[in-house]
Structure formats: C-alpha cells, structure tokens
Amino acid sequence: MSTLYDKLGGQPAIEQIVDELHKRIATDSLLNPIFAGTDMVKQRNHLVAFLSQIFEGPKQYAGRPMDKTHAGMNLQQQHFDEIAKLLSESMAVRGESPEDTQAALERVSNFKDAILNK
C-alpha cells in the first residue's frame, strides 16, 4: 500500500503544494500579518520537510517541535482553520483527490493542539 507521500507524488508534489499555500498566505488578510518578518525560504523548507514526514515520506524535518515553534504567537482556532482551508485549496490546484486531501488535513490536525499551544 502506498503512503500518502507517494500518492501525492513525493517531494516535487509537496514542494508545489507548499509553494501554492505560500502564495495564498501572502494574499490572506488573516494570515499574512502572522508571517510578516518571517524568512519564507526557511519556512518553506521546514514546511516541506514537516509535511513530507507526517505524510509518511522521508524523515527530514529537523525543526523545533510544533509547540516550541508556535509559542507566543497567540494563534487561535480561526488561524488554524484558515491554514487548513488554504492547504485544501492548494492541494485542489494540484488535482489531488478529495480522499488524499482529507487524509492530509487529518494528519495536520493531529498537531493542532501543539500549534495552538493548548
């Protein structure tokens, strides 16, 4: 059975999804201010590695744990929901199936409490 990482198309697909997600964040009035001052190249590389790992791809994420990364950012449910919506849209642009998109969102949701520091 294929991993979600393989079903999506591996590293090139994850990179395309993250690039599309970043384009959407850049024009999103709720999320854009959160990323002001962020090194988006570094953030992109961390996110590609993180998503690849949680989608059962290579274990290449070497960043901080999600709770440490997002500490002090005062992120709320609405922020998480908006990222999830934009991620879903980004996957749709690539033509990912609703089933694979849902599986991806479920895996990301497993980190919600850590991201929101709950």
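Not measured: the values here are computed from a predicted model. (Residues numbered from 1 in each chain as written. Predicted model: local features only at pLDDT ≥ 70, side-chain atom pairs only at ≥ 80, totals over all residues. Heavy atoms only, no water.)

With 17 residues, helix 2 (residues 10–26) extends 25 Å from end C-alpha to end C-alpha; this agrees with the ideal 24 Å at 1.5 Å per step. Every buried residue belonging to helix 2 is among Gly-10, Ala-13, Ile-14, Ile-17, Val-18, Glu-20, Leu-21, His-22 and Ile-25, and all of these are buried. Each element contacted by the buried residues of helix 2 is listed here: helix 1 (4–8), helix 3 (40–54) and helix 5 (77–93). (Helix = DSSP H or I, 4+ residues; strand = E, 2+ residues; numbered from the N terminus. Expected span 1.5 Å × (residues − 1). Buried < 20%, exposed > 50% of the residue type's maximum accessible area, 1.4 Å probe, protein only. Contact = heavy atoms within 4.5 Å.)

This next bit is on the nonpolar core. Leu-8, Ile-14, Phe-50, Leu-51 and Phe-55 are the most contacted members of the largest nonpolar core, which has 30 residues in total. Of all elements in the fold, only helix 1, helix 2, helix 3, helix 5 and helix 6 (98–109) reach the threshold of two or more residues within this core. Apart from residues no more than four positions distant in its own chain, Phe-50 is found in contact with Tyr-61, Met-66 and Phe-111. (Core = buried A, V, L, I, M, F, W, Y, C linked by side-chain atoms within 4.5 Å.)

What follows deals with helix 5. Over its 17 residues, helix 5 runs 24 Å from end to end, which matches the ideal 24 Å to within 8%, given 1.5 Å per residue. Among all positions of helix 5, only His-79, Phe-80, Glu-82, Leu-86, Leu-87, Ser-90 and Met-91 are buried. Looking at the packing, one finds that the buried side of helix 5 touches helix 1, helix 2, helix 6 and helix 7 (112–115). Looking one or two residues beyond helix 5, the residue adopting positive phi is Gly-95, at roughly 85°.

A few words now on the packing of helix 5 against helix 6. When two helices pack together, their arrangement is given by the angle between their axes and by how far apart the axes lie. Following both chains from N to C, one finds helix 5 and helix 6 inclined at 150°, their axes separated by 10 Å at the closest point. It follows that helix 5 is roughly antiparallel to helix 6 by the angle criterion. Considering how the two elements wind past one another, helix 5 and helix 6 form a crossing that is right-handed. Facing Phe-80, Ala-84, Leu-87, Ser-88 and Met-91 of helix 5, the residues of helix 6 in contact are Asp-100, Thr-101, Ala-104, Leu-105, Val-108 and Ser-109. Among the residues forming the contact of helix 5 with helix 6, the class breakdown is 7 nonpolar, 3 polar and 1 charged. (Axes fitted to C-alpha atoms, helices over the stretch in contact; angles between N-to-C directions. Parallel < 35°, antiparallel > 145°, perpendicular 65-115°, else oblique. Left-handed = near helix turned anticlockwise from the far one by under 90°. Nonpolar A, V, L, I, M, F, W, Y, C, P; charged D, E, K, R; others polar.)

Turning our attention to the pattern of salt bridges. Under the defined criterion, the tally for this structure stands at 9 salt bridges. Note that Arg-44 and Asp-19 form a salt bridge whose closest N and O atoms lie 2.5 Å from each other. Note that Arg-44 is positioned in helix 3 and Asp-19 in helix 2, a separation of 25 residues in sequence. Relative accessible area serves as the criterion here: at 21%, Arg-44 is assigned to the partly exposed category. In this structure, Arg-24 engages Glu-20 in a salt bridge whose closest nitrogen and oxygen atoms are separated by 3.0 Å. One end of the pair is Arg-24 and the other is Glu-20, both in helix 2 and 4 residues apart, which spans about a single turn. (Salt bridge = Lys/Arg side-chain N within 4 Å of Asp/Glu carboxyl O.)

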